[in-house]
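The lines below spell out each chain.
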Amino acid sequence: MRYQGREVDIEGRVRLVMESTLTARDRVGVQDFLLLENHNSEAAFIENLRRRFGENLIYTYIGSVLVSVNPYKELEIYSKPQMERYKGVSFYEISPHIYAVSDNTFRAMKTTWRDQCILISGESGSGKTEASKKILLYYAVTCPTHDHMTTLGDRLLQSNPVLEAFGNAKTLRNDNSSRFGKYMDVQFDFKGAPVGGHILNYLLEKSRVVHQNHGERNFHIFYQLLDGGSNDLLQTLDLERNPQNYQYLVKGSCSRVSSVSDKNNWKVVMNALPVIGFTEEDIQNVLNIIASILHLGNTLFGEGEEGEAHITTETPLANVAKLLCVDASVLSNALTHKKLITKEEEVIIPLNFEQAMSARDALAKAVYGRTFTWLVEKINQSLALKDDMYHSNKAFPVIGLLDIYGFEVLEHNSFEQFCINYCSEKLQQLFIELTLRSEQEEYTTEGIAWEIVPYFDNKIICDLIEEKHKGIISILNEECLRPGETSDASFLEKLEDTLGNHPHFVTHKLANGKTRKVMSREEFRLLHYAGEVNYNVNGFLDKNNDSMNRNLKEVMCHSDNQIISHCFSREEVTDQKRPEMAATHFKNSLLKLMEILMTKEPSYVRCIKPNDAKQPGHFDEVLVRHQVRYLGLMENLRVRRAGFAYRRSFEAFLQRYKPLCPETWPNWDGRLEDGVATLVNYLGYQPEEYKLGRSKIFIHLPKTLFLTEDALQAKKPEIALTLQTSWRGYRERAKYKRIRHAIIVIQSAWRGMKGRRRARRRRQAAELIRRFIKGFIYRHEDYCPENEYFLDHVRYSFLIKLSKHLPTSVLDKSWLASPPSVTEASEHLWKLHMRNMVMKYCNGIQPEWKNQMTQKVVASEIFKDQKENYPQSVGRLFLDTRIEHDQINLKVLQTLGSDKVQYGVPVTKYDRRGFKPRSRQLLLSNTFAVLVEKTKIKQKIDYASLGGISVSSLSDGMVVLHMPTEDNKQKGDVLLHCNHVIELVTKLALIARMLNYINIKPGSIRYAGARGTEGIVDFVRGSELKVAKGKRGHLLVTAPRINTT
Ligand SMILES: Nc1ncnc2c1ncn2[C@@H]1O[C@H](COP(=O)(O)OP(=O)(O)OP(=O)(O)O)[C@@H](O)[C@H]1O
Ligand SMILES: [Mg+2]
């Protein structure tokens, strides 16, 4: 299995392939001094540095300490792809780099959730500030960011040019030398995103504001303002572009530096200020202050007759007053007088020329120094973690970056160098504390046998400087406070008296002849761990006092420039307590810094300057050797080689790496020590690679731990998988249980509902049946509550059934038998239905059918149940006529004239006497009927004169037309026989409107003969029709029997 380019087998054993890849890659020297053949040889050490430097390999490790040599040229090793290369990669897998330290610290912070710090040390110009900027850049680029944090990254980066403009200056050693110490905390959240920052600043070299050594400059901002500021801006500040015009800028005789572009840097600073939260007003106020200091430097004094000072240059003073927003005359007065407050009164004493000059310079230094502090505060406000984003910031770890002045030896060393070198001693002490001594002590307590490494413990020098009552700082303070005549010389004497016997302290008086030659009488020498330094006591008291006349402070605190009024508080003026001495203040802030650093896991970057000429490619061995010595790098290496690079408590070690061994994973139940032994055994640690102490495991080389760590990283996916599997299993089981529970709840609710619904239905059914039975019992009663349901149901059922069985034809007389309760309704319905059918039928029939029906109805009214052959006639259609028009003789038609023949039928006429049959045509017109014999009308009968019509009730066709007896022209009633008797009589009755004149006689018909005689026609039933004269002279008609069956 491969993991991050290395062979790792599946059981988690790391195959140690690193050594070979490392040496292959690191062709020039060794990239870790631990791998040096002769780790005790300083020469080999420096040779390794030199060889690597020659190949532009400026970084080399001593274990986890990074040694960096300033290349004095831009190298192509800081690009973004380079950053990516180092991200998440183990320290020693890849060539040494400041990014590797940054990344390692970051990961240590993330995995252990503990504060870290990176201590960058080295002498001035060795590249500390550059290193710290590279680290910040690495975090700003590679760390995850929140949207609002992108601005934080910007602010972190943008704070650098601003702080450098105000706090850096060109010195002989470095064109961009930090003239203040800086410790910066970057706070990260749980994702590893930078969320806040805070800067602590230490001892700004304020004296530079008023004085610079030859070849040095004031702080960059003054030159940047003059070079980069627009004409308008300079005009408003009453400044001229030429730095030579300002006394505070000419002391070093070096206003321009070739490697620094003040104009460009001015632009950078002006762009950065708004990013880190400066308002336009803030910027204007700051620039007013900077300009005021330049004008203050040009404010000169003259001396009066009694030696009192007065101001000789009104314009610069007026400018200062204008820019600082104070009253010019008050300021002028304050610069030339001092106020003494005794118990009884306030006394104003005029200053002499020197005093006035130093009051002016004190004011310039104080204004600049406090403005710088304000600037840092302001930057801190902009970097501060916003509490509203996170409820508590306490939990978030920080990475601290310490970029503080390195050990400094100048031609003339003063109070500042004393402080700077004291700081250097303290840091060295911390380094000893954290690495060498604590390491050796720990081996002893853990009972680990090892070779004792001698190292120089600089505690003795620290004590010499800081010890209470006996230390240099105490003596200096005492001298400052002591009443009576005190001076720098008296301070030196006091030092000699108190520290005369100290092995690390020498003065001209105490020194032997050789040393005496190189020391002036105003100097004292300290034998620092890093070398000997002569300090000139001139100015020590003043600088330590750092005092400003009270009346000048008063003027400042009434300033309308907001920064100045913020920096000079009114309480300070009224407060009678003496302010802290500069050295004590510095000591206390250093002690605080030590406390801060002690709580953090340190990483070290040791910077080395290859030459004093700031030249690329030039390696000055002497200079480098000196630095290697005072940085304690050889001791560092020896301890690392002799001792153990890493240690972990058994518990922590086991806890972290137990997944790598099946016997310790997931839990080890036995003794922790045995667990660790089992684990390292399984991992294949060789006996010389580690030792087990009383409570800790010690690992000799970092690579052993790194490989173990890598194996853990390689194993992590597997562990994650196991955790994921069980978590998913757990989650799915829980989900299953939840679903199952939900199903059961739904099921029971559903079943309950179904059961309730069924029960309700049953109840309703039982109720219905009960009502039904009751209704049935009461069915014959009137409609009442007991039977209403039953009866309604019966009615309803009947109506529904009826609707499906209605007769469809008028002739269909069937009708559904109705239950008693709906009999009446049923009858109504029947009638309605019948009428409806009839109406429908009637509306549907044709006119000729209507005519037929009319006739049939009339026939029915006349003959129904009266005449035997009537039923047979019902089914036969009545014809319009039985004699067609062309069958009637023309002559007859002519005789009839306009009277149209409505109906014609052949008949047999019987004489009234002899009953002789004669065939005739009977033609009916609208007003009369005629009997026609072929061509002749034999008889015409007016309907108006017709007395009646008689027929028998039998099935014969006899018709008797009764004529009026008084009509003489008529020869009596007419006896006719017609085969279509029903049709004929009906037509006649209709045409002649004689419906009520038709008689149907059962046995016989009387008829009138001619001239008053009377005859009778008898009717009997026989087998067939026969008309003949009967016995008594009657006409006997035998009608055939109708078979009705
Ligand atoms: N890694 C680097 N690559 C290129 N040049 C560098 C590098 N480190 C330092 N330098 C050069 O060296 C100069 C001095 O470096 P830097 O200002 O960081 O020194 P320093 O240790 O902070 O000094 P001081 O104590 O005076 O502040 C830089 O201005 C730059 O020109
Ligand atoms: Mg610096």
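Going by the structure above, here's the rest.
Criteria and thresholds
- Residues numbered from 1 in each chain as written.
- Chains lettered and ligands numbered in written order.
- Predicted model: local features only at pLDDT ≥ 70, side-chain atom pairs only at ≥ 80, totals over all residues.
- Heavy atoms only, no water.
- Buried < 20%, exposed > 50% of the residue type's maximum accessible area, 1.4 Å probe, protein only.
- Helix = DSSP H or I, 4+ residues; strand = E, 2+ residues; numbered from the N terminus.
- Pairing = 2+ DSSP bridges.
- Near = heavy atom within 4 Å.
- Polar contact = N/O pair within 3.5 Å; in protein donor to acceptor, adjacent residues only side chain to side chain.
- Areas by Shrake-Rupley, 256 points an atom, 1.4 Å probe, with all protein chains shown as cover.
- Nonpolar A, V, L, I, M, F, W, Y, C, P; charged D, E, K, R; others polar.
- Phe/Tyr/Trp six-rings, centres within 6.5 Å; stacked < 30°, edge-to-face > 60°.
- Donors = N, O, S within 2.8 Å, 3.2 Å for Na, K, Ca; no water.
- 1 Å grid on protein atoms, 1.4 Å probe; cavity = no way out; pocket = protein on both sides within 12 Å on 5 of 7 lines; lining within 4 Å.
- Points joined across faces, edges and corners; volume = space filled by probe spheres on them.
- Axes fitted to C-alpha atoms, helices over the stretch in contact; angles between N-to-C directions.
- Parallel < 35°, antiparallel > 145°, perpendicular 65-115°, else oblique.
- Left-handed = near helix turned anticlockwise from the far one by under 90°.
- Contact = heavy atoms within 4.5 Å.
- Core = buried A, V, L, I, M, F, W, Y, C linked by side-chain atoms within 4.5 Å.

Undergrad: Is there a simple way to think about the pairing of strand S8 (residues 181-188) in this case?
TA: Within S8, eight of the eight residues are buried, leaving the element largely enclosed by the surrounding structure. Both faces of S8 are covered, namely the face carrying Gly-181, Tyr-183, Asp-185 and Gln-187 and the face carrying Lys-182, Met-184, Val-186 and Phe-188. Here eight bridges tie S8 to strand S9 (residues 194-202), and the two strands are oriented antiparallel to one another. Among the inter-strand pairings, Gln-187 is bridged to a residue of S9, identified as Gly-196. In this antiparallel pair of consecutive strands, S8 and S9, the connection spans five residues, and Gly-192 shows a positive phi of 90 degrees. Pairing geometry for S8 and strand S14 (residues 398-403), over six bridges, is antiparallel. Across the sheet, Met-184 pairs through a bridge with Leu-401, a residue of S14.

Undergrad: Where do I start with the site of ligand 1 in this structure?
TA: Around ligand 1 there are 17 residues in total, and Ser-124, Lys-128, Thr-129, Ser-177 and Ser-178 lie nearest to it. At a separation of 2.7 Å, an oxygen atom of ligand 1 approaches a polar side-chain atom of Asn-70. Considered on its own, ligand 1 offers 630 Å² of accessible surface; in the complex 88% of this is hidden by protein. At the level of secondary structure, the elements contributing two or more residues to the shell around ligand 1 comprise helix H5 (128-142) and strand S7 (177-178). The element contributing the most residues to the shell around ligand 1 is H5, with three residues. In terms of residue class, the shell around ligand 1 is made up of three nonpolar, ten polar and four charged.

Undergrad: What exactly am I supposed to notice about the packing of aromatic side chains here?
TA: Geometry of an aromatic ring pair is reported as the spacing of the ring centres plus the angle between the planes. Under the definition given, this model contains 29 aromatic pairs. Taking the centre distance of 6.1 Å and the plane angle of 65 degrees together, the rings of Tyr-138 and Tyr-139 count as edge-to-face. The class of Tyr-138 is buried, set by a relative accessible area of 0%. For Tyr-139, a relative accessible area of 2% puts it in the buried group.

Undergrad: Can you walk me through the coordination of the magnesium ion (ligand 2) in this structure?
TA: The textbook angles at a metal center are 109.5 degrees for a tetrahedron of four donors and 90 or 180 degrees for an octahedron of six. Ligation of the magnesium ion (ligand 2) by protein atoms is provided by Thr-129 (OG1) and Ser-178 (OG), these donors lying 1.9 to 2.0 Å from the ion. Note that Thr-129 is positioned in helix H5 and Ser-178 in strand S7, a separation of 49 residues in sequence. A relative accessible area of 14% means that Ser-178 is categorised as buried.

Undergrad: Can you help me understand empty space enclosed by the protein in this one?
TA: In this approach a probe as big as a water molecule rolls over the atoms, and the regions it shows empty are the leftover space. Applying the stated criterion to the full structure yields seven cavities of 30 Å³ or more. Considering only enclosed or pocket space, the largest cavity measures out at about 150 Å³ in volume. If you trace the largest cavity, you find 18 residues lining it, with Ser-121, Ser-424, Leu-427, Gln-428 and Arg-606 closest to the centre. Sorting the residues of the lining of the largest cavity by element identifies strand S5 (116-122), helix H16 (415-445) and strand S18 (601-608) as the ones contributing at least two each. A per-class count over the lining of the largest cavity returns twelve nonpolar, five polar and one charged.

Undergrad: Looking at this structure, how should I read the sheet that holds strand S33 (residues 1035-1040)?
TA: By definition, the strands of a sheet pair up through backbone hydrogen bonds, in either a parallel or an antiparallel sense. One open sheet holds the four strands; their spatial order is S30-S31-S33-S32, and the pairing between them is mixed. Where the open sheet ends on each side, the last strands, each with one partner, are strand S30 (1004-1008) and strand S32 (1026-1029). Ignoring which end each strand starts from, the neighbouring axes of this sheet average 20 degrees apart. For S30 and strand S31 (residues 1014-1022), the ladder comprises five bridges, and the chain directions are antiparallel. Bridge pairing links Tyr-1007 to Gly-1015 in S31.

Undergrad: How should the packing of helix H4 (residues 98-112) against H5 be read in this particular structure?
TA: Think of two packed helices as two axes; the pair is described by the angle between the axes and how far apart they sit. Remark: H4 packs on H5, axes separated minimally by 9 Å, with the N-to-C direction vectors making an angle of 55 degrees. Taken together, the axes of H4 and H5 are oblique relative to one another. As H4 runs across H5, the sense of the crossing is right-handed. Residues Ile-98, Tyr-99, Ser-102, Asp-103, Thr-105 and Phe-106 of H4 pack against Ala-131, Lys-134, Ile-135, Tyr-138 and Tyr-139 of H5. For the contact of H4 with H5, the class distribution of residues is seven nonpolar, two polar and two charged.

Undergrad: Looking at this structure, how should I read the nonpolar core?
TA: In a soluble, globular protein the nonpolar side chains are often hidden away together inside. With 200 residues, the main nonpolar core has Leu-331 and Phe-524 as its most contacted residues. At 14 residues, the largest contribution of residues to this core is made by helix H15 (residues 353-383). Core analysis: the next-biggest nonpolar cluster, separate from the first, contains 35 residues, Val-905, Val-959, Leu-976 and Val-985 among them.

Nothing here speaks to function; it is all geometry.
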